[in-house]
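Inside the fold
The residues making up each chain are set out below.
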Amino acid sequence: MSALLLIPVVGPLLAAGALLALPNRPGTHRVGAFATMTVVLVAGLVLLVRTSGGALAVLRVGGWPGPIAIGLAADALSALLVTVTALVVLGCLVAAVGSGDDRRPYFLPLVLVLTAGAGGAFLTTDLFNLFVLIEVMLVPSYVLLSLAGGVGRGGAGRVYVATNLLGSTLLLAGVALVYGTTGVVGLGELAGAARDEPTVAVACGVVLLALGVKSALVPLHDWLPRTYPVASPVVVALFSGLLTKVGLYAVIRIYAVVYGGDPGYRWLLGAVALLSMVVGVLGAVGENSMRRILTFHMVSQLGYVLLGVALFTAVGLAAAVYYLAQYILVKAALFLCAAAVRAGRGTDRLDGSGGLAGQRPALALAFAGAALSLAGLPPFSGFLAKFLLLRATAESGAWLAMVVAVLVSLVTLLSMLKIWSALFTGDPPASSTVARRIGPTLVGPPLALAGLSLAAGLAAAPLLVLADTAAAELRDPAGYVRAVTGR
Amino acid sequence: MSAAFVVGVLVAAGVFLLLRPGLLRVVLGFVLLGHAVNVVLLSAGGLGRRTAALEEAGPDTADPLPQAFVLTAIVITFGITIHLLGLLRRGAGGPASGADPMDDDNDDDGDAESDGDGTGGAGRPGTTGRRR
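Residues numbered from 1 in each chain as written. Chains lettered and ligands numbered in written order. Predicted model: local features only at pLDDT ≥ 70, side-chain atom pairs only at ≥ 80, totals over all residues.

To continue, consider the overall build of chain B. Tallying secondary structure elements over chain B gives four helices and zero strands in all. Walking chain B from its N terminus toward its C terminus, one meets helices and strands in the order α-α-α-α. When contacts within chain B are restricted to residue pairs at least 6 apart in sequence, those whose partners lie at least 24 apart make up 46%. (Helix = DSSP H or I, 4+ residues; strand = E, 2+ residues; numbered from the N terminus. Contact = placed C-beta atoms within 7 Å.)

Below, the structure is given as structure tokens:
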């Protein structure tokens, strides 16, 4: 079973290499990419089933001993994220066929490398490999963002590369400081070190700061709404499912293992979480294109996940894990709706020519479902996630956080209504060929992802059990530490 | 001590260059910052121990792990520097080379995909034409 851990990392990398060796064969590229991601999804599902009871899968690549081995490990949280991201990537690949994105040069190999980096970052057990795998993930994202050319893209591409490069440099410096203070970089060897030693806490703080840049937490969020909206919506959907989530996952993992959930830092995490929620949702109010609004909501929604982590109770962490998993699906569905809208109308700006609900009811259904889920209305998964989170804040007595969470979700609903009324209601413009251009490959993925959100809300029990397992493992990382150190 | 001084000078020069206008200075700034971090990584393993690793273990044996880290980091930085220089080349050939990168809020739909001189090899006419 341990060998399964290699598939999400090595599989897409090998496939990307093979596809690069066969240029100018779009059919082969498509088949190869779909087959690879299906295999990754199956591997993720198998890992998920195996780890859902609290077991861990650990692999030391090449059989090297202890601290010099490249370690991969999956617990319930890692397996869940690998599975969910594989689903999102598959959805994006289908939509890329519809929007024509996958005909851009090197698009599919780049996506595969991106996926390999993200999968590796979810599974790695040491800080330096985390840095390397985040780089493996970011380098294709630089190219994907600026793939389409044009002046605007070049400018935003520069901001994106510069910010992420600065973040990576900081991350590497943090890893160096951790190694200088402890002599190890493995998460297992570092367990509890930041709680016991203030110097390690500072060194790890640099790592967390760098990860904060990557996951666009306020006040380090400003690059995200500047750069994401210039990419093609399918690419943004892909980024939203993978990039910032990897940063957030690493923050959660490092805080749980290296800091041992040290209560002395919870106020800081809580403050960042609340600020992200408020700043993100208010930033979206003034925007007038679908991608820009949704990008600002990314900042806001990541705050919700971090709030659950800041509480660090069993209920709070379970809520955070459930929230993260369902939010990745919902956000990808919304961005893929934006991709369909843009393919049909040529733009996703809210410029008053609506009527999409009449022309493409399936797309309207997908958007309505995902939007209601994002705002947190029943019966979608977003409602359950927010409900669990609110219950956790109430149990911890964090009343301010509770009030902010409710208010922010109301403003989120307003933003979604704004998109709905501008694009979907009203009369379609005369002599419109909009509907014809939105094919089933563009409508299908968001509809499927929104359907998954509905299913995760209605039949939540398995996912909640999984979230509880993941939360228990985060609160008491002793099992994880034993497994990855091999002691 | 000397390592700390070198890191300080490199970071100061790197940050100075990052804050200057012009992408080429930014690229050079990142190169300097990357070097600074590499020196930090090397000194994390202890600079005083100089005996070759893997020969015989002793108190003076150098720590090979940070050296492996630095090698990896150098390769990554090199690749990204090339990408940044590519962006620079493409920007310089485009119609609005003097534009402030922050000032492109109106060009977010990307439908004006006039790919400058086409150095990126992207934006094939067939692709963009179909999507419109």
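Now, onward.
The next point concerns the overall build of chain A. In terms of regular secondary structure, chain A is built from 21 helices and two strands. What you see for chain A is a C-alpha radius of gyration of 21 Å, in line with the 23 Å of a compact globule of 487 residues. Considered along the principal axes of its C-alpha atoms, chain A spans approximately 70 × 55 × 40 Å. For chain A, buried positions account for 66% of its 487 residues. The contacts in chain A between residues at least 6 apart in sequence include a share of 81% that link residues at least 24 apart. (Rg over C-alpha atoms; globule rule 2.2 N^0.38 Å. Buried ≥ 20, exposed ≤ 12 C-beta atoms within 10 Å, placed from the backbone.)

This part is about the confidence of the model for chain B. Residues and elements named next belong to chain B. The predicted model of chain B has a mean per-residue pLDDT of 73, with 68% of residues at 70 or higher. No element of chain B has a lower mean pLDDT than helix α4 (residues 125-131), which averages 37, and none a higher one than helix α1 (residues 2-18), which averages 94. Confidence over residues 93-132 falls short of pLDDT 50; this stretch has 72 contacts with residues more than four positions distant or in other chains. Interface scoring of the predicted complex returns ipTM 0.86; its pTM is 0.90. (pLDDT = per-residue confidence, 0-100.)

Below, the discussion takes up helix α1 (residues 7-20) of chain A. Residues and elements named next belong to chain A. Under the 1.5 Å per step criterion, the end-to-end length of α1 is 19 Å for 14 residues, consistent within 8% with the ideal 20 Å. Among the residues of α1, Ile7, Pro8, Val9, Gly11, Pro12, Leu13, Ala15, Ala16 and Leu19 are the ones counted as buried. Summarising the contacts, the buried residues of α1 are in contact with α2 (26-51), α3 (76-99) and α4 (107-123). (Expected span 1.5 Å × (residues − 1).)

We now examine the packing of helix α10 (residues 233-257) of chain A against helix α13 (residues 314-345) of chain A. Residue and element names in this part refer to chain A. Packing of α10 against α13 brings their axes to within 7 Å, and their N-to-C directions diverge by 165°. Comparing their axes, α13 and α10 come out roughly antiparallel. Crossing handedness for the pair α10 and α13: right-handed. Residues Pro233, Val234, Val236, Ala237, Ser240, Gly241 and Lys245 of α10 lie in contact with α13, whose contacting residues are Leu324, Ile328, Lys331, Ala332, Phe335, Leu336, Ala338, Ala339 and Arg342. (Axes fitted to C-alpha atoms, helices over the stretch in contact; angles between N-to-C directions. Parallel < 35°, antiparallel > 145°, perpendicular 65-115°, else oblique. Left-handed = near helix turned anticlockwise from the far one by under 90°.)

Turning our attention to the nonpolar core. All names here are of chain A. Ranked by internal contacts, the top residues of the largest apolar core, which has 232 residues, are Met137, Val175, Val321, Ala333, Leu336 and Cys337. When residues of this core are assigned to their parent elements, the largest contribution, 25 residues, is made by α13. In this structure Val175 touches Leu127, Phe128, Phe131, Val185 and Val207, once residues within four positions along its chain are discounted. (Core = buried A, V, L, I, M, F, W, Y, C linked by C-beta atoms within 7 Å.)

Let's shift gears to α1(B). Residue and element names in this part refer to chain B. Between its first and last C-alpha, α1 extends 24 Å over 17 residues, near the 24 Å set by a 1.5 Å rise per residue. Residues Leu10, Val11 and Gly14 constitute the buried set of α1. Buried positions in α1, seen along its axis, are confined to an arc of 100° and lie on one side of it. Turned more than 90 degrees away from the buried face of α1 sit Ser2, Phe5, Gly8, Val9, Ala12 and Phe16, all of them exposed. (Arc of directions from axis to C-beta.)

Residues and elements named next belong to chain A. Structurally, Val84 can be placed in helix α3. For Val84, a count of 24 C-beta atoms within 10 Å gives the class buried. Setting aside its immediate chain neighbours within four residues, Val84 contacts Ala325, Ile328 and Leu329.

Here we come to the packing of α13(A) against helix α20 (residues 461-475) of chain A. Residues and elements named next belong to chain A. Contact pair α13 / α20: the axes reach a minimum separation of 8 Å and the direction vectors enclose 125°. It follows from the interaxial angle that α13 and α20 lie oblique. Both α13 and α20 take part in a crossing whose hand is right-handed. Between α13 and α20, the residues in contact are Ala314, Leu317, Ala318, Val321, Tyr322 and Ala325 and Leu463, Leu464, Ala467, Asp468, Ala470, Ala471, Ala472, Leu474 and Arg475, respectively.

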